[in-house]
Amino acid sequence: LKRKKIKKKKIPQQRKRMPPKKAVKKSHGLTVKFVGVETKDEGEKKYNVYNLEVSKEGETWEVQKRYSEFLYFYTHLDKKVYGKMVAEFPPKSLGQLTLEQMDQRQTKLKDWFDEFLTMPITPKVLQQVYSFLQVRKHIKDETVNDGLRKFPGAIIKTGYLNKLGGNKGGGTGNWKRRFMVLSDNLLYYENEEAYENGAAPKGKVSLNAIYCPTPNENNPENEFVIYAIPYEFIVRAESKQEMDEWLSIFQKLQAV
């Protein structure tokens, strides 16, 4: 009698489950802490600012940002950057926020920004981040100071200036207070509310070829001229400090 060979069944070996790799958060060398909300009082107008503590390469500085500035930063980002994020950017609210609502918005902004800084971003977006957090003012680095206008879309400065309009040469010009938004070009709005509500700007100054000389020391009106060739844009700041800040930025732009 022939014996049948019994085939041994192969018992599949169980693979050892490896522990999941911990996600390494990349913050691009930046640490941002939200340290509170502060109410500013400018005469008849009150508004809230978020106080941020920013750190990079051993340097730490404070930045104050309004919600409208966060919103501008967010809406000018490439959607591919934040499209896969879990945290949601807090939407714009109508009317005055209560203290509780301001705290809730701050928490949402913090959660969104914390996750945003862990996302892989392009050099262009990184420069937008540097501009928003004022990194260029505090860190002297070739990567940071790579030209204010090399990476478009970043908001550089906002604020009020009094601009001269009308017949300037004939002496019948008139001064009007306008809210300025400096980005790829200089846009000016009726006021800050118009800018925040998405209104069209009253005008635009192209910065393709500009020259902004330092005015004479005897300048009580804090007046300076932006030569946006072939035009000139005459403005007055509300303080010498504010004038110096605008001058510093425009003079850096003319060198780019």
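The structure this text deals with has already been given above.
As the structure is a computational prediction, the values presented were derived from the model and not from experiment.

Novice: Lay out the environment of Thr31 with the relevant residues and their values.
Specialist: By the element assignment, Thr31 lies in strand β1 (residues 31–42). Thr31 sits in the partly exposed class, given a relative accessible area of 39%. Here the alpha-carbon distance between Thr31 and Val54, two residues 23 residues apart in the chain, equals 5.7 Å. Sequence-distant contacts of Thr31, that is, excluding residues within four places in its chain, are made with Glu53, Val54 and Ser55.

Novice: How would you summarise a nonpolar patch on the surface if you had to cite specific residues and measurements?
Specialist: On the surface, a nonpolar cluster with roughly 310 Å² of combined accessible area is contributed by Tyr211, Tyr227 and Ile229. Position of Ile229 relative to the elements: it lies in the loop between β9 (223–228) and β10 (231–236).

Novice: Please provide a residue-by-residue account of the sheet that holds β1, values included.
Specialist: Within a sheet, each strand pairs with its neighbour through backbone hydrogen bonds, oriented either parallel or antiparallel. Here three strands make up an open sheet; going across it, the order is β1-β2-β3 and the pairing antiparallel. The open sheet has two edge strands with one neighbour each: β1 and β3 (59–65). Neighbouring strand axes in the sheet, compared pairwise and without regard to direction, differ in orientation by 20° on average. Both β1 and strand β2 (residues 45–56) contribute to a ladder of eleven bridges, which runs antiparallel. The residue of β2 that forms the bridge with Lys40 is Tyr47.

Definitions and cut-offs
Residues numbered from 1 in each chain as written. Predicted model: local features only at pLDDT ≥ 70, side-chain atom pairs only at ≥ 80, totals over all residues. Heavy atoms only, no water. Helix = DSSP H or I, 4+ residues; strand = E, 2+ residues; numbered from the N terminus. Buried < 20%, exposed > 50% of the residue type's maximum accessible area, 1.4 Å probe, protein only. Contact = heavy atoms within 4.5 Å. Patch = residues over 30% accessible without salt bridge, like charges linked within 9 Å, V, L, I, M, F, W, Y side chains within 5 Å. Areas by Shrake-Rupley, 256 points an atom, 1.4 Å probe, with all protein chains shown as cover. Salt bridge = Lys/Arg side-chain N within 4 Å of Asp/Glu carboxyl O. Pairing = 2+ DSSP bridges. Axes fitted to C-alpha atoms, helices over the stretch in contact; angles between N-to-C directions.

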